[in-house]
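# Overview (structure and organization)
The primary structure of each chain is shown beneath.
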Amino acid sequence: MITTTLAGCLEDDEPAPTIVGEWYAWSNDPTFIAPALIFQSNGTLLLQSAYQNASYSNWSANGQELTIDEGIHNFTLSDNWLFIAESEGDACLVMSRLLLSQEDFISEAENLTLPTFCPSLLEYWTEAQ
């Protein structure tokens, strides 16, 4: 009985990270502050961009595989960051759970520890620098 009580106290009460929620990417449109991806718990993904109407897709995740409307991608979560690559060895799209200024986003993204399937970041912000 004592070991059961101690084991219960030692368990980590921290919930596992989840992809569900809003994910932000930097945009070269400073007025665009809406989330770029919203993963809903019902398996729906809302994609938004500064220059296109919002669109919906279906998603599911299994381990480090993220399926979005039949396309399978590698993904991982690290603190408040999401990494997605089309296939192992491809540059990763990086997104933040936090809405950051362009400068902060780039600065923090460039200093992240990359997942093993991702040798580099997709540098979609280089045009504006």
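Coordinates for the structure precede this section.
Quick summary incoming for the structure in this document.

Rules used throughout
Residues numbered from 1 in each chain as written. Predicted model: local features only at pLDDT ≥ 70, side-chain atom pairs only at ≥ 80, totals over all residues. Heavy atoms only, no water. Pairing = 2+ DSSP bridges. Helix = DSSP H or I, 4+ residues; strand = E, 2+ residues; numbered from the N terminus. Axes fitted to C-alpha atoms, helices over the stretch in contact; angles between N-to-C directions. Contact = heavy atoms within 4.5 Å.

### A word on the pairing of strand 3 (residues 44-47)
Here strand 2 (residues 37-39) runs beside strand 3; their pairing, made up of three bridges, is antiparallel. Within strand 3, the position partnered with Leu37 by the bridge is Leu47. Counting the residues that bridge the hairpin from strand 2 to strand 3 gives four residues, and of these Gly43 lies at a positive phi of roughly 90°. Relative to strand 4 (residues 55-62), strand 3 is paired through four bridges, and the arrangement is antiparallel. When the sheet's bridge partners are listed, Thr44 is paired in strand 4 with Asn58.

### Topic: the sheet that holds strand 7 (residues 81-85)
Spatially, 1-2-3-4-5-6-7-8 is the arrangement adopted by the eight strands of the open sheet, whose pairing is antiparallel. With one partner strand each, in any of the chains shown, strand 1 (21-23) and strand 8 (93-96) form the two edges of the open sheet. The mean inter-strand angle of the sheet, taken between neighbouring strand axes irrespective of direction, is 30°. Inspection of the sheet shows strand 4 paired to strand 5 (residues 65-68) by four bridges, in the antiparallel sense. Following the sheet pairing, Ala61 is matched in strand 5 by Leu66. Contacting strand 7 and strand 8, helix 2 (residues 102-110) crosses the sheet at an angle of about 120° to strand 8.

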